[in-house]
Amino acid sequence: MNSTILHFFGKALTGQGMKNVYKDLMKEAKTVYFLKGANGFKLSELLQSLGKHYHDKGVSIEYFHDPLFENNFEALFVKEPHNILFLQSTSPSFEPTLYGTRDKVVSFYDCIDEEKLKQHGERIIQLNKDKEKWHDKCFHALARAIKIHDDWEIETRRHMDWNGLNKQFEQLIQNLFGKNQLKKRGNETHRLLGTLTPAGARDTLQSITQNVEKRYFIKGYPGTGKSSMMKKLAGEALNRGYDVQKVWCGLDSNSIDMVIIPELNFCIFDSTEPHVYFPDPARGGDQIFDIAQHCHPTEIEEENIKAIVAKYRSAMYDAVAYCNLYAEAERALRELIDSSIIDEQWNNRIEQLFQD
């Protein structure tokens, strides 16, 4: 059986707000099931069961984790030949746009005992207020962290040898592609590498790259062109007809942390904080891609950087603390929803998904 299971985060808590890749996933799918009306943990259990159902039939699947509860799933993508996306559609951002063709809605509203839920009315109101408060404080701290990180980048850029980086990049292009030009149009897809969670920064890099033969680990200072270089690499690959997967940063929504070129069995990624990785000696295709060699901050910049890093870590510490409080309120709300599910109606509703 050659089917695989990959794990990603579907949303990320970034300095610019909540980022998700679900609209991009919808474009990849032939069929999208919008699961609406029961935002509890039972939907995660359903997605896990659906994933097992298809994987047991030899189909590759991708699970998309919830950033607040990383052992829970928000979505399942069943790969070729099905190309089905099952998505928890509990936000106005995720609504069907091709209803009657690609999109299907599965409603669970009538699986909830409303009278039972009404008994917790006042608590639900208070939990929603708490959730909104800690949500806002978390994202405020993340926005502050991004601004501090920008100051960090200013210090490193001052002594960056951009010509040296450009030469290194051109050599990478030559090594990867040579003069190859495929006679097709390259296809671009999008994923997330990781996100802030109540347990701190988390990523799924090992799962994402488990079947990639050649892995390049970028080492370099913030602000020295890692993301820009990877965007250029992605553009070059697409222009040559190669498929590309852009894997986005979990803190700065405008930055890329990884590029995967499946037809070359190759990926390159930022392996600096908060996702520090090194080549695995057991894997022959791993190597360091060192761009730190082109940057040599003076002692003055090094001292400035130490002070900036301390402020940055303090802001991230605050963000994690608020994220925990945000998750606590959200957990309580979801547990109330689950306690009000009418099991018989729920089981009847989900049966159709396995039959399809």
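The shown structure was predicted, so the numbers you read here are calculated from the model rather than taken from an experiment. (Residues numbered from 1 in each chain as written. Predicted model: local features only at pLDDT ≥ 70, side-chain atom pairs only at ≥ 80, totals over all residues. Heavy atoms only, no water.)

Next up on the list: the layout of surface pockets. Quantified by volume, the largest pocket comes out at close to 1,100 Å³. Taken together, 47 residues line the largest pocket, and the ones lying closest to its centre are His 149, Asp 270, Glu 273, Pro 274 and Tyr 312. Looking at the lining of the largest pocket, the elements with two or more residues in it are helix H4 (121-157), strand S10 (194-197), strand S11 (200-203), helix H7 (226-239), strand S14 (256-261) and helix H8 (299-339). Examining the composition of the lining of the largest pocket, we find that eight residues originate from one element, H8, more than from any other. Classifying every residue of the lining of the largest pocket by side-chain character gives 19 nonpolar, 15 polar and 13 charged. In this structure, the second largest pocket encloses a volume near 750 Å³. In terms of lining, the second largest pocket is formed by 26 residues, of which the most central are Leu 6, Glu 62, Lys 79, Gln 245 and Pro 262. Counting residues per element, the ones that place at least two in the lining of the second largest pocket are strand S1 (5-9), strand S5 (61-65), strand S9 (188-192), strand S13 (244-248) and S14. Here the lining of the second largest pocket is composed, by residue class, of 11 nonpolar, eight polar and seven charged. (1 Å grid on protein atoms, 1.4 Å probe; cavity = no way out; pocket = protein on both sides within 12 Å on 5 of 7 lines; lining within 4 Å. Points joined across faces, edges and corners; volume = space filled by probe spheres on them. Helix = DSSP H or I, 4+ residues; strand = E, 2+ residues; numbered from the N terminus. Nonpolar A, V, L, I, M, F, W, Y, C, P; charged D, E, K, R; others polar.)

This part takes up the side chain of His 294. Relative to the helices and strands, His 294 is located in the loop between strand S16 (286-290) and H8. One polar contact links His 294 to Gln 168, side chain to side chain, over a distance of 2.8 Å. (Polar contact = N/O pair within 3.5 Å; in protein donor to acceptor, adjacent residues only side chain to side chain.)

Whenever strands of a sheet pair, they do so through backbone hydrogen bonds, lying parallel or antiparallel. If you walk across this open sheet you meet the six strands as S1-S5-S6-S7-S4-S8, and the pairing is mixed. The open sheet has two free edges, formed respectively by S1 and strand S8 (103-107), since each of these has just one partner strand. The mean inter-strand angle of the sheet, taken between neighbouring strand axes irrespective of direction, is 20 degrees. Taken together, the five bridges between S5 and strand S6 (residues 73-78) define a ladder with antiparallel strand orientation. By the bridge assignment, Phe 64 is partnered in S6 with Ala 75. Lying over the sheet, helix H2 (residues 42-55) contacts S1, strand S4 (31-36), S5, S6 and strand S7 (84-88), oriented at roughly 20 degrees with respect to S6. (Pairing = 2+ DSSP bridges. Axes fitted to C-alpha atoms, helices over the stretch in contact; angles between N-to-C directions. Contact = heavy atoms within 4.5 Å.)

To continue, consider the nonpolar core. In this structure, Leu 85, Phe 177, Leu 233, Val 259, Phe 266 and Ile 268 are the most contacted members of the largest nonpolar core, which totals 55 residues. Look past the residues within four positions of Leu 233 in its chain and what remains in contact with it is Phe 169, Leu 172, Ile 173, Leu 176, Phe 177, Val 259, Phe 266 and Ile 268. (Core = buried A, V, L, I, M, F, W, Y, C linked by side-chain atoms within 4.5 Å. Buried < 20%, exposed > 50% of the residue type's maximum accessible area, 1.4 Å probe, protein only.)

So, about helix H5 (residues 162-177). Taking 1.5 Å of rise per residue, the 16 residues of H5 would be expected to cover 22 Å, and the 22 Å separating its terminal C-alpha atoms lies within 8% of that figure. Of the residues making up H5, those classed as buried are Gly 164, Leu 165, Gln 168, Phe 169, Leu 172, Ile 173, Leu 176 and Phe 177. Summarising the contacts, the buried residues of H5 are in contact with strand S12 (214-219), H7, S14, strand S15 (266-270) and S16. The opening residue of H5 is Asp 161, an N-cap whose side-chain oxygen sits 3.3 Å from the backbone nitrogen of Asn 163. Among the residues trailing H5, Gly 178 stands out with phi positive, at a value near 60 degrees. (Expected span 1.5 Å × (residues − 1).)

Let us now look at the sheet that holds S15. If you walk across this open sheet you meet the six strands as S9-S13-S14-S15-S12-S16, and the pairing is mixed. Of all the strands in the sheet, just S9 and S16 have a single pairing partner and so form its edges. Neighbour-to-neighbour, the strand axes of the sheet open up by a mean angle of 20 degrees, direction not taken into account. Here S12 pairs with S15 via five bridges, running parallel. Looking at the pairing, Lys 214 lines up with Phe 266 of S15. Running over the sheet, H7 touches S9, S12, S13, S14, S15 and S16 and is turned about 25 degrees from S14.

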